[in-house]
Amino acid sequence: MDFDYDVVIIGGAFSGAATALMIKRKHPGARVLIIEKNAAFDRKVGESTTEVSSCYMTRILGLANYLGHEQLAKQGLRMWFCNSPEQKFDDCVEIGPRYNARVQTFQVDRAKLDSHLLQCAANAGSELWRPAKVAKIELKGANGQAVDVDLGQRSVRARWLIDASGRATLLARKLGHYRPNNEHPINAVWARFTGVKDWDSYDWREKFRDYMDACRTARSWATNHLMGHGWWCWIIPLRGGDVSAGIVYDSRIFQLPEGANIAERLHAHILTNPVGREIFRDAHAIEGDVHAFSALPYYSQKVCGDGWACVGDAAGFIDPLYSPGLDFCSYTSNYVADFVARNLMGEDVTASVAHYNEQYPIMYRSWFETLYKDKYYYMGDAELMSAGFLLDVASYYFGLVIPAYRDPEKAFLELPFHGTRGRMAASAIKFYNRRLVALAKRRLATGHFARRNAGWRELYDGFVPDSRVMKLLRKGLLRWWKAELTNLRLMFASPAATPAKRQSAVAPMEV
Ligand SMILES: Cc1cc2nc3c(=O)[nH]c(=O)nc-3n(C[C@H](O)[C@H](O)[C@H](O)COP(=O)(O)OP(=O)(O)OC[C@H]3O[C@@H](n4cnc5c(N)ncnc54)[C@H](O)[C@@H]3O)c2cc1C
């Protein structure tokens, strides 16, 4: 067949550019066209990278030098808990690493990162139309996919069409495969702020000496999360001094208090938290950079067919708590790039296409049920969440980070939770997650929720992708089992009065 291109990719952000780059690496002769709607990227959202997405960017995409020069090194994930808005800042519970991170991760300005990656794809020989919007798609399998572009009414035909259009989910919607994940009703509001307090400032050294001496890394470069009942807020530094901050909340448990506009509502909410108040007292949301999404999670029931495939957010999205967005983009874009390149070189890839359709829903469902389902019921309780956090991250290291660093080329061609080992791991993680939810519900019912959200810090040595992860796994298990013992005691305790219904930053709103 005589097509205009071998591959047309809709969307030139992270997933589209990564897919194009990987196809050109594997098959330099491939004629790849990227169609990107926007003339320039805005800052988007999704600034914190994980060990897995960072491994993909540094080892597979080859961005280590760029990331080191142009973006910030991230120093782990740190969580803050409190039990009343009046609590003193240095009485709040802190959980996070004591030292610098052992594995490279980054705080990225997505506009800059995505532009750089797109340039890499263009340098590798991909053609780029920009600004150009895909207006119409016709899928005809082996006869080619036709795409109408809003750029002088151009039409092109290609053997493969890759949807990397993000939440626009062009193909999933066109083909009727789009499904909202109604079991997880979460929403997000975020902005970039100026004037945010430095977590490591000298005046805080004078004011909060114990806080300063407890930690051997700078807290400013961490992804800091404020945790509450039914919500969490991220605080992420960006190169140049601006700070990204946003809230994600489960609307079954929490509603963002009303206010004049979403920037004010977000800011006012952060100020009701003792840690947020110290950090955001003099901060201002940058005008024009305030955003909101409702109904965050969704997925596509089918992610590929003869001549088409979805990658990144165009295939699905779950929850940003542990920043897995770019992990999904990494696995899906790498997997799809591989089978598309092999097909263009003459290989029959029917089995790979079928595997992607079978394994994607397993990966999505397992990732959701293990780490996120109903987590918002316990994330405001420091004891339960610290147990969950240690167990979650240790499982992530065993299941994904260690294999990714051992053999990245192999690991990024295997979609997570595959095979018997994947199923067994999913069952174990789901089990403790369900238990932590049950323990939280008992604590809420008996007035014990967030009781121990004061006066302690858990500063651990840091996660390392080898057997030393066992130490943190053991710590998480002990904390969980201790919470089970407390639960036994609470089973026989008399129920406390129902907690007051208020939209507080810290107190449970509903049982
Ligand atoms: C609140 C929130 C916080 C998050 N935090 C993190 C985080 O800390 N870390 C992390 O890894 N992930 C995070 N994520 C997820 C992350 O933002 C996404 O996973 C990631 O941006 C997806 O990249 P993508 O390239 O697939 O899609 P996008 O970045 O959405 O890019 C899609 C591209 O397609 C283009 N496009 C759309 N329609 C058309 C069309 N018709 N024609 C041509 N072009 C088109 C768009 O212009 C855009 O450039 C977060 C998400 C949310 C909602």
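Please read these numbers as outputs of a predicted model, since none were measured by experiment.

1. Some thoughts on the overall build of the chain
Of regular secondary structure, the chain possesses 15 helices and 21 strands. In terms of overall size, the chain behaves like a compact globule, its C-alpha atoms giving a radius of gyration of 23 Å where 511 residues would be expected to give roughly 24 Å. Within the chain, contacts between residues separated by at least 24 positions form 77% of all contacts whose residues are at least 6 apart in sequence.

2. Regarding the packing of helix α2 (residues 51-60) against helix α12 (residues 382-406)
What describes two packed helices is the angle between their axes and the distance between those same axes. Running from N to C, α2 and α12 point in directions that differ by 15°, and their axes come no closer than 9 Å. Viewed along their axes, α2 and α12 adopt a mutual orientation that is roughly parallel. Here the hand of the crossing between α2 and α12 comes out left-handed. Along its contact with α2, which presents E51, V52 and C55, the element α12 presents L400, V401, A404 and Y405. Class assignment for the residues of the contact of α2 with α12 results in six nonpolar, no polar and one charged.

3. A closer look at the domain arrangement of the chain
Each assigned domain of the chain is listed with its residue range as follows: domain 1 (5-63 + 109-179 + 297-371), domain 2 (76-107 + 183-293) and domain 3 (375-491). Using C-alpha coordinates to define each centre, domain 1 is positioned 31 Å away from domain 3. With 21 residues of domain 1 at the contact, the number on the domain 3 side is 16 residues. Looking at the side of domain 1 that touches domain 3 residue by residue, the classes come out as 12 nonpolar, five polar and four charged.

4. Describing the pairing of strand β2 (residues 32-35)
Burial of β2 is two-sided: the residues V32 and I34 facing one way and the residues L33 and I35 facing the other way are all buried. Inspection of the sheet shows strand β1 (residues 5-10) paired to β2 by four bridges, in the parallel sense. Paired with V8 across the two strands is L33, which belongs to β2. Relative to strand β7 (residues 127-129), β2 runs parallel, the two sharing three bridges. Residue pairing in the sheet places I34 in a bridge with L128 of β7.

5. Focus: the sheet that holds strand β20 (residues 316-317)
If you trace the three strands from one edge of the open sheet to the other, you get β11-β17-β20, paired in antiparallel fashion. With partners counted over all chains shown, the strands left at the sheet margins are β11 (178-180) and β20, one partner each. By the bridge criterion, two bridges tie strand β17 (residues 298-300) to β20 in an arrangement that is antiparallel. Bridge assignment links Y299 to a residue of β20, and that residue is G316.

6. Here's the deal with the sheet that holds strand β16 (residues 284-293)
Strand order in the open sheet formed by eight strands is β16-β12-β15-β14-β13-β4-β5-β21, with mixed pairing between adjacent strands. Strand pairing shows two members of the sheet lacking a second neighbour, β16 and β21 (457-460), which therefore form its edges. With direction set aside, neighbouring strand axes in the sheet form an average angle of 15°. Where strand β4 (residues 77-81) meets strand β5 (residues 93-97), three bridges bridge the pair, whose relative direction is antiparallel. Looking at β5, one finds that F81 is bridged to V93.

7. Structural notes on the site of the ligand
Within the structure, the ligand sits among 40 residues, and G11, G46, G166, G312 and G325 are positioned closest to it. Sorting the residues of the shell around the ligand by element identifies α1 (14-26), β12 (186-194), β15 (243-250) and α10 (325-344) as the ones contributing at least two each. The residue inventory of the shell around the ligand, partitioned by class, reads 18 nonpolar, 15 polar and seven charged. Each of domain 1 (5-63 + 109-179 + 297-371) and domain 2 (76-107 + 183-293) gives at least three residues to the shell around the ligand.

8. Comments concerning the packing of α1 against helix α4 (residues 110-123)
One way to put it is that α1 packs onto α4 with a least axis distance of 8 Å and a crossing angle of 25°. Classified by the angle between their axes, α1 and α4 sit roughly parallel to one another. In this structure, α1 crosses over α4, and the sense of that crossing is left-handed. Seen from α1, the contacting residues are F14, A17, A18, A20 and L21; seen from α4, they are D114, L117, L118, C120 and A121. When its residues are assigned to classes, the contact of α1 with α4 shows nine nonpolar, no polar and one charged.

9. Notes on unusual backbone geometry
With an omega of -5°, the peptide bond between R130 and P131 qualifies as cis. Looking at where P131 falls in the secondary structure, it is placed in the loop between β7 and β8 (134-139). A positive phi angle, near 45°, is found at A295, a position not held by glycine. Residue F417 is not a glycine yet carries a positive backbone phi of 65°. Mapping F417 onto the fold places it in the loop between α13 (408-411) and α14 (419-445).

10. Digging into helix α15 (residues 469-491)
Taking 1.5 Å of rise per residue, the 23 residues of α15 would be expected to cover 33 Å, and the 33 Å separating its terminal C-alpha atoms lies within 8% of that figure. Of all the positions in α15, only V469, L472, G476, W480 and A483 are classed as buried. On its buried face, α15 sits against α12, α14 and β21.

Reading guide: rules and limits
- Residues numbered from 1 in each chain as written.
- Predicted model: local features only at pLDDT ≥ 70, side-chain atom pairs only at ≥ 80, totals over all residues.
- Helix = DSSP H or I, 4+ residues; strand = E, 2+ residues; numbered from the N terminus.
- Rg over C-alpha atoms; globule rule 2.2 N^0.38 Å.
- Contact = placed C-beta atoms within 7 Å.
- Axes fitted to C-alpha atoms, helices over the stretch in contact; angles between N-to-C directions.
- Parallel < 35°, antiparallel > 145°, perpendicular 65-115°, else oblique.
- Left-handed = near helix turned anticlockwise from the far one by under 90°.
- Nonpolar A, V, L, I, M, F, W, Y, C, P; charged D, E, K, R; others polar.
- Domains from an automatic or database assignment.
- Buried ≥ 20, exposed ≤ 12 C-beta atoms within 10 Å, placed from the backbone.
- Pairing = 2+ DSSP bridges.
- Near = placed C-beta within 6 Å.
- Expected span 1.5 Å × (residues − 1).

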